[in-house]
Amino acid sequence: MIEFLKRSEGLWLFSRSPAAILAALVAIVIFLGAGFAPWIALVNPYDLGSFSLFDGLLPPVWQDGANPKFVLGTDDQGRDMVSSILYGARLSLIIGLSAMAIATVLGVGLGLAAGFYGGRLDAIVMRIADIQLALPAILTALLIDGIARGILPSDMQQDLRIVVLTLAIALSLWVNFARTARASTFVQMQKEYVQAAMIMGQRPTRVMFVHILPNILGPLLVIMTVDLASAILLEATLSFLGIGLPADSPSLGTLIRIGMQFMLSGEWWILWIPTLFLVALVVSINILGDFLRDVFNPRLR
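*Asks:* It is not clear to me how the overall build of the protein should be interpreted in this structure. Could you clarify?
*Replies:* From N to C terminus, the protein includes 15 helices and 0 strands. Projected onto its principal axes, the C-alpha positions of the protein cover 75 × 60 × 30 Å. In the protein, of all internal contacts separated by at least 6 residues, the share reaching a separation of at least 24 is 70%. Summed over its atoms, the accessible surface of the protein is roughly 15500 Å², and 67% of this surface lies on carbon and sulfur atoms.

*Asks:* Could you clarify how one ought to interpret the side chain of Ser172 in this entry?
*Replies:* Assignment of secondary structure puts Ser172 in the loop between helix H9 (161–171) and helix H10 (174–189). Relative accessible area serves as the criterion here: at 9%, Ser172 is assigned to the buried category. Filtering out sequence-adjacent residues up to four positions away, Ser172 remains in contact with Gln132, Ala137, Thr140, Ala141 and Leu234.

*Asks:* Can you walk me through the packing of aromatic side chains in this structure?
*Replies:* Each aromatic ring pair is characterised by the separation of its centres together with the angle its planes make. Within the structure shown, the criterion is met by 4 aromatic pairs. The interplanar angle of 80 degrees and the centroid separation of 5.1 Å between the aromatic rings of Phe116 and Tyr117 together place this pair among those described as edge-to-face. For Phe116, a relative accessible area of 12% puts it in the buried group. On the basis of an interplanar angle of 85 degrees and a centroid distance of 6.1 Å, the ring pair of Trp268 and Trp269 is categorised as edge-to-face. By relative accessible area, which is 29% here, Trp268 ends up partly exposed. Given the relative accessible area of 4%, Trp269 is considered buried.

*Asks:* What exactly am I supposed to notice about the side chain of Asp227 here?
*Replies:* With respect to the element layout, Asp227 can be found in helix H13 (residues 217–240). Despite its burial, Asp227 pairs with no opposite charge; the closest candidate is Arg179, at 11 Å N-O. If we ignore the near neighbours within four places in the chain, the residues touching Asp227 are Leu173, Asn176 and Phe177.

*Asks:* Could you clarify how one ought to interpret a nonpolar patch on the surface in this entry?
*Replies:* On the surface, Ile28, Leu32, Phe36, Trp39 and Ile40 cluster together into a nonpolar patch covering about 590 Å² of accessible area. Looking at the nonpolar patch, the elements that each hand over two or more residues are helix H3 (18–35) and helix H4 (37–40). Positionally, Leu32 belongs in helix H3.

*Asks:* I would appreciate a short explanation of the packing of helix H5 (residues 81–117) against helix H15 (residues 269–296) in the present structure.
*Replies:* Helix-helix packing is described using two parameters, namely the angle between the two axes and the distance between the axes. Orientation of H5 relative to H15, taken along the N-to-C sense of each, is 40 degrees, at an axis distance of 11 Å. Here H5 is positioned oblique relative to H15, judged by the angle of their axes. The chirality of how H5 crosses H15 is right-handed. Residues Met81, Ile85, Ala89 and Leu93 of H5 lie in contact with H15, whose contacting residues are Trp269, Ile270, Ile273, Pro274, Phe277 and Leu281. Residue composition of the contact of H5 with H15, grouped by class: 10 nonpolar, no polar and no charged.

*Asks:* Sorry, what's going on with the environment of Val194 here?
*Replies:* As for its placement among the helices and strands, Val194 is situated in helix H11 (residues 192–199). Taking the C-alpha atoms as reference points, Val194 and Asp47, separated by 147 residues in sequence, lie 56 Å from one another. Filtering out sequence-adjacent residues up to four positions away, Val194 remains in contact with Gln188, Met189, Val207 and Ile212.

*Asks:* Where do I start with the packing of H3 against H15 in this structure?
*Replies:* Running from N to C, H3 and H15 cross one another at 130 degrees; their axes reach a closest spacing of 8 Å. The orientation of H3 relative to H15 falls into the category oblique. The crossing of H3 and H15 is left-handed. Residues Ala19, Ala20, Ala23, Ala24, Val26, Ala27, Ile30 and Phe31 of H3 lie in contact with H15, whose contacting residues are Phe277, Ala280, Leu281, Ser284, Ile287, Leu288 and Phe291. Residues of the contact of H3 with H15, tallied by class, amount to 14 nonpolar, 1 polar and no charged.

*Asks:* When you look at the nonpolar core in this model, what are you seeing that I'm missing?
*Replies:* A general tendency of soluble globular proteins is for nonpolar side chains to be buried together. Of all hydrophobic cores here, the largest spans 60 residues; its most connected members are Ile169, Ile212, Ile232 and Leu252. With 13 residues, the top contributor of residues to this core is H5. Residues within four places of Leu252 in sequence aside, it is in contact with Ile85, Gly88, Ala89, Ser92, Phe277, Leu278 and Leu281.

Definitions and limits used
- All residue numbers refer to positions counted from 1 along the written sequence of the respective chain.
- Only residues with pLDDT of 70 or above have their local features reported here, since the model is predicted, and side-chain atom pairs are shown and tallied only from 80 upward, although totals for entire chains, interfaces and linings are computed over all residues.
- As a rule here, side-chain values cover all heavy atoms of the structure and leave hydrogens and water aside.
- Where helices and strands are cited, they refer to DSSP runs of H or I of at least four residues and of E of at least two residues respectively, numbered from the N terminus.
- Here a residue-residue contact requires only that any non-hydrogen atoms of the pair lie within 4.5 Å.
- Here the open area of atoms and residues is found with the Shrake-Rupley method and a 1.4 Å probe, where only the protein chains shown may cover a residue.
- Throughout this description, buried means an accessible area under 20% of the type-specific maximum (1.4 Å probe, protein chains only), exposed means over 50%, and partly exposed covers the range between.
- Between rings of Phe, Tyr and Trp, where Trp is taken as its six-membered ring, a pair exists when centres lie within 6.5 Å; planes separated by under 30 degrees are stacked, by over 60 edge-to-face, and by other angles tilted.
- His is not counted, nor are the chain ends, whereas Lys and Arg count as positive and Asp and Glu as negative.
- Salt bridges are defined as contacts in which a side-chain nitrogen from Lys or Arg sits within 4 Å of a carboxyl oxygen from Asp or Glu.
- Residues form patches when they are more than 30% accessible in relative terms and have no salt bridge. Like charges link within 9 Å. Nonpolar side chains (Val, Leu, Ile, Met, Phe, Trp, Tyr) link within 5 Å.
- Structural elements are reduced to axes, namely lines fitted to C-alpha atoms, with helices fitted over the stretch in contact, and the angle between N-to-C directions of any two is expressed from 0 to 180 degrees.
- Note that the term roughly parallel is reserved for angles under 35 degrees, roughly antiparallel for angles over 145, roughly perpendicular for angles of 65 to 115, and oblique for everything else.
- The crossing is said to be left-handed when, going from far helix to near helix, the turn is anticlockwise and less than a right angle, and right-handed when the turn is clockwise.
- Amino acids are sorted into nonpolar (Ala, Val, Leu, Ile, Met, Phe, Trp, Tyr, Cys and Pro), charged (Asp, Glu, Lys and Arg) and polar (every other residue, Gly among them).
- Here, the term nonpolar core denotes a set of buried Ala, Val, Leu, Ile, Met, Phe, Trp, Tyr and Cys residues that are joined through side-chain atoms within 4.5 Å.

Set out below in structure tokens:
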């Protein structure tokens, strides 16, 4: 096993990094818990018939008056906090992963084209990127969400809430992918294997996606990891502000917004448990992103 790890520098470095191992374990547990939430959660927070108001505001098991059935207590509606967090993480991860996937496809595609063709296309893409970089991602997401609300009919807005939120987050995060893909494409265009492929008359799309893209995946993978954490935080921020998901869709941001109402009333667990869970998720993803950056760029070690 040790010899195998030594042959793979990334795995060897991972085995020697306690922070990366701990972050990976935390991320895996959260992802598995969110993925299997319908099977392991005590109640379904979307189903009003699965919980009772008589169980409302029960504290965690280590406090007096707790019910051992609800390990982390319940909220004011009687929903189990563990179940709400698992379902909330499930929804937050779905939105975050979907937004990151859209941002990756859009940003990498534009970055490859801008770096490969250059000229006017490169200038247009980069000026749009510069304009967007002048605005914080949260403001860009708010702007896109507001425009979508103004365009869509009122009877469709509720049904397309998740779609609109996902697109708003994706369109606020594509710039990093585009700039990195463009810069890396410029470097690869000077390599002999790319010039040989172009001399042989291969189509530009084949050169970009078969020869260049596989060789620039390292930095893109790092950005994907970091932007996943950014997407989750953006969703939580928008939902906390009441612009993202409604209260009947308990994402992590929505749970924190609901918990703010009880911050000074003594029911601290309704706010702090979802908050700490979100912090653990984002920090673990960021630590993994930093580890991948060190693997792909040895000069930063």
